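Observations on the model geometry
Each chain, letter by letter, is given below.
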Amino acid sequence: MSNVNAVTFTIVVVLFVIVAGVGFAAARWRRAEDMLHLNEWGLGGRGFGTFIGWFLIGGDLYTAYTFIAVPSAVFLSGAVAGFFAVSYTIIVFPIAMIFMPRLWSVSRVHNYVTPADFIRGRYGSRGLSLAVAFTGILALMPYIALQLVGIQAVLTVMGVGTTSHNTFIRDLPLIIAFLVLAIFTALSGLRAPTMIAFIKDALVYLMIIVAVFYIPARIGGWGHIFAAGEAHMKAINPTTHKPNGVFIPTTGNSQLAFATLALGSACALFCYPHAITATLATRRRDVIKRNMSLLPLYSIMLGFIALLGYMALADQPTVASVKKAGGNAQLSVPFLFQHMYPSWFTGISFAAIVIGALVPAAIMSIAAASLFTRNIFKEFVKPDASPRLETRISQWVSFAVKLGALLFAIGLPKTFSINLQLLGGIWILQVFPALVSGLFTRWFHRWALLAGWAAGMIFGTIAAYRVATPTASHWGGSTDIEFGHTVYIGLTALLLNIAVSVAATLIFRAARAPQGADETLPHQYTADPAEAPAPAPAAAGTGAGTSGVVSD
Amino acid sequence: MTQPAVQPGKPGARNRVAAHPYISAAITILIVADIFFALYVPLYARATPKVGDFPFFYFYLLIYMPATGIVLWIVYLLQRRLLPAAPAAGSTSEEAR
């Protein structure tokens, strides 16, 4: 701990303690009669308006992926592997505008908490619902792991624990941070990350505005920054004997990779359970629509955050520090801040990244927990579970999910963390046909969608496993070559999924296989009920005695 | 999968679209264009003309963000006009929140 800067360290710790306090206090915010109901714990009472919704959804969508993974990918290999994220966050909003309001409406009418609830109601299929729940949980693991990697990058640059050779000691700060997160998530549910999102967004905005104006002025202007980026991307990498990366995708192949990564990621984003959770927590249908046009304001920031990768390349001390740290590009942004700022502002920026990773990690674990409880535990283990038991189970599962994420964080190659998110994307994209087509039509047969899902999952997983890089033999990337073109594996798997679904639907329809019950009605997809659905008649008593975990 | 086979309800909420063909077309065009001009990379994968110190490729994507926000806000306003003449009483008081 010898090289820890006391000022930076103190500021990060103080801000972390404040955030933890808010997380615990959030249990009392907009307090409901019965906190032990999944509508409360998992969706914060489904009553958030445009303003809070903006902070919640924004705080949910912009994660360590944004702050660490994207700039480090830009730092390493430029536009195709990194800056595609800007294109991705552009098209995600028009795409979501098409189907998210319908999902909100039907979920509101039927009191669905998870996407798998909707699939169950729409197709009357437990199997398909289980597939969606399983995929959601699986895909969230690497995404939560990515948050851990982001926190770890900051801790490493701060010099906390890195000097020890004992793995446990080295990861102790990370474990403490995660324990605190896990406990307040279990207690306060979605209210905790929602309140913390305000602090997060304020810090992140401060961090990025200062970075955009201050850093270029210090290192010689934007012209110098782009020149450094271009020079690095054109330089020949000694290991691969190819250019380091792509500064501007001018070849057809790199353009296709850029576009498929953006399109695949965009289609995936609002299939992720945590994105759906944040959306369903809003009060009215209009709130979502307004937010789809207000959230790009947040994305402007993403564009500049991505450019931090080039800023890091333009700053020789940062490049040297990254090289000294074993070439771990994840450290480029934290090192850049450390070299550019006085130690107090480094502390604020580091805290912004750490807190920025905590908020989505909390929402993701809540979403995964709701999926497990509603669509696996209640569906297959204990159908008569009371809302109270549902919530209790969710609280524990949210804990377990974070442990699973920890395993991902340890087990997968961390040098290229953007892959963690892209890998999750390959999986979650396989629920896209069932979820999105289901919002518009019942044409697809439920068994066919299941077959398509299975085909996409198997193909995508194997293809991603087989991607090798000079440093990793497996899970090395998220694009591969299909028929001579470099494309995002997730999108190829999705196309296969859709093809199988269409073909199998024709077969099942010809064979007159049972369609399954559909409990939804067409007008419910555009409904806009003002009142939140009443909590299902809970067997548990009245609001007064809700004690339990929450108020202890 | 033991549920009895039930015929799914026929979608019947198309009348709003049919009643406002121009607005509906405008919404569709705006959404499709918004996606297309970001995905069609050859359109903007160029270094020139530089805007300030920004290569065109980077400038284009950065300026696209607020443009998307504006386009989607227009879509949102147009979609409100598709609603039946008397919007829900609660939806106007919603603005203040």
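These numbers were taken from a predicted model, which means no experiment stands behind them. (Residues numbered from 1 in each chain as written. Chains lettered and ligands numbered in written order. Predicted model: local features only at pLDDT ≥ 70, side-chain atom pairs only at ≥ 80, totals over all residues. Heavy atoms only, no water.)

1. Digging into the overall build of chain A
- When helices and strands are counted, chain A shows 23 helices and 2 strands.
- Put simply, chain A has 552 residues, and 64% of those count as buried.
- Put simply, of all contacts in chain A between residues at least 6 apart along the chain, 84% involve residues at least 24 apart.
- A total accessible area of about 18200 Å² is found for chain A, and carbon and sulfur atoms account for 69% of it. (Helix = DSSP H or I, 4+ residues; strand = E, 2+ residues; numbered from the N terminus. Buried < 20%, exposed > 50% of the residue type's maximum accessible area, 1.4 Å probe, protein only. Contact = heavy atoms within 4.5 Å. Areas by Shrake-Rupley, 256 points an atom, 1.4 Å probe, with all protein chains shown as cover.)

2. Quick look at the interface of chain B and chain A
- Opposite the 45 residues of chain B that make contact, chain A presents 55 residues.
- Buried area between chain B and chain A, both sides added, is near 4400 Å², and the carbon and sulfur share of it is 72%.
- For the pair chain B and chain A, the interface holds 1 salt bridge.
- Here Arg80 of chain B ties to Asp286 of chain A by a salt bridge, and the two come within 2.9 Å at their closest N and O atoms.
- One can count 7 residue pairs in polar contact (both at pLDDT 80 or more) joining chain B with chain A. (Buried area = accessible area lost by both parts, 1.4 Å probe. Salt bridge = Lys/Arg side-chain N within 4 Å of Asp/Glu carboxyl O. Polar contact = N/O pair within 3.5 Å; in protein donor to acceptor, adjacent residues only side chain to side chain.)

3. Regarding helix H22 (residues 489–510) of chain A
Residues and elements named next belong to chain A.
- Compared with an ideal rise of 1.5 Å per residue, which puts 22 residues at 32 Å, H22 spans 32 Å between its outermost C-alpha atoms and is within 8% of the ideal.
- Where H22 is concerned, the buried positions are Ile489, Gly490, Leu491, Thr492, Ala493, Leu494, Asn497, Ser501, Ala504 and Thr505.
- Just past H22, the residue Arg512 takes up positive phi, approximately 55 degrees. (Expected span 1.5 Å × (residues − 1).)

4. Thoughts on the pattern of salt bridges
Residues and elements named next belong to chain A.
- For the structure on display, the rule yields 9 salt bridges over all chains.
- Note that Glu379 and Arg126 form a salt bridge whose closest N and O atoms lie 3.1 Å from each other. Note that Glu379 is positioned in helix H17 (residues 343–381) and Arg126 in helix H7 (residues 126–158), a separation of 253 residues in sequence.
- Overall, the relative accessible area of 14% leaves Glu379 in the buried class.
- Residue classification places Arg126 among the partly exposed positions, given a relative accessible area of 31%.
- When the shortest N-O distance is used, the salt bridge between Glu390 and Lys378 registers 3.0 Å. A residue pair is termed long-range when its members are at least 10 positions apart, and Glu390 in helix H18 (residues 387–411) and Lys378 in helix H17 qualify at 12 residues.

5. Here we look at the confidence of the model for chain A
- Looking at chain A, pLDDT values average 80 and 87% of them are 70 or higher.
- With pLDDT under 50 throughout, residues 535–552 of chain A is counted as low confidence; its partners more than four residues away or in other chains account for 27 contacts. (pLDDT = per-residue confidence, 0-100.)

6. Thoughts on unusual backbone geometry
All names here are of chain A.
- Despite not being glycine, Asn111 has its phi angle at roughly 60 degrees, a positive value.
- Following the sequence through the fold, Asn111 ends up in the loop between helix H5 (79–110) and helix H6 (115–123).
- At Arg512, a residue that is not glycine, the phi angle is positive and equals roughly 55 degrees.
- Relative to the helices and strands, Arg512 resides in the loop between H22 and helix H23 (548–551).

7. Notes on the packing of helix H4 (residues 64–77) of chain A against H5 of chain A
All names here are of chain A.
- Running from N to C, H4 and H5 point in directions that differ by 140 degrees, and their axes come no closer than 7 Å. With respect to their mutual orientation, H4 and H5 come out oblique. Judged by residue contacts, Tyr65, Val70, Ala73, Val74 and Ser77 of H4 engage Ala79, Ala81, Gly82, Phe83, Phe84, Ala85 and Tyr88 from H5.
- Classifying every residue of the contact of H4 with H5 by side-chain character gives 10 nonpolar, 2 polar and no charged. (Axes fitted to C-alpha atoms, helices over the stretch in contact; angles between N-to-C directions. Parallel < 35°, antiparallel > 145°, perpendicular 65-115°, else oblique. Nonpolar A, V, L, I, M, F, W, Y, C, P; charged D, E, K, R; others polar.)

8. Quick notes on the packing of aromatic side chains
Residues and elements named next belong to chain A.
- Under the definition given, this model contains 35 aromatic pairs over all chains.
- Here the aromatic rings of Trp447 and Phe508 are separated by 5.5 Å at their centres, their planes lie at 80 degrees, and the arrangement is edge-to-face. In this pair, Trp447 is assigned in helix H21 (residues 446–465) and Phe508 in helix H22, connecting sequence segments 61 residues apart.
- A residue is classified by how much of its surface remains accessible, and Trp447, at 24% relative accessible area, is partly exposed. (Phe/Tyr/Trp six-rings, centres within 6.5 Å; stacked < 30°, edge-to-face > 60°.)

9. Structural notes on helix H12 (residues 273–280) of chain A
- Extensive coverage of H12 of chain A is indicated by the burial of 8 of its 8 residues.
- All of the buried residues along H12 of chain A are Pro273, His274, Ala275, Ile276, Thr277, Ala278, Thr279 and Leu280 of chain A.

10. Regarding the side chain of Arg122 of chain A
Residues and elements named next belong to chain A.
- Mapping Arg122 onto the fold places it in helix H6.
- Here Arg122 falls in the buried class, since its relative accessible area comes to 7%.
- Only 3.4 Å separates the side chain of Arg122 from the side chain of Thr520, close enough to count as a polar contact.
- Not counting residues within four places of it along the chain, the set of residues in contact with Arg122 comprises Gly438, Phe440, Thr441, Arg442, Ala517, Asp518, Thr520 and Tyr525.

11. So, the environment of Pro529 of chain A
All names here are of chain A.
- Within the secondary structure layout, Pro529 lies in the loop between H22 and H23.
- A sequence separation of 244 residues divides Pro529 from Arg285, and the C-alpha atoms of the two residues are 8.5 Å apart.
- Non-local contacts of Pro529, meaning those with residues more than four positions away in its chain, are made with Trp104, Arg108, Val109, Arg283 and Arg284.

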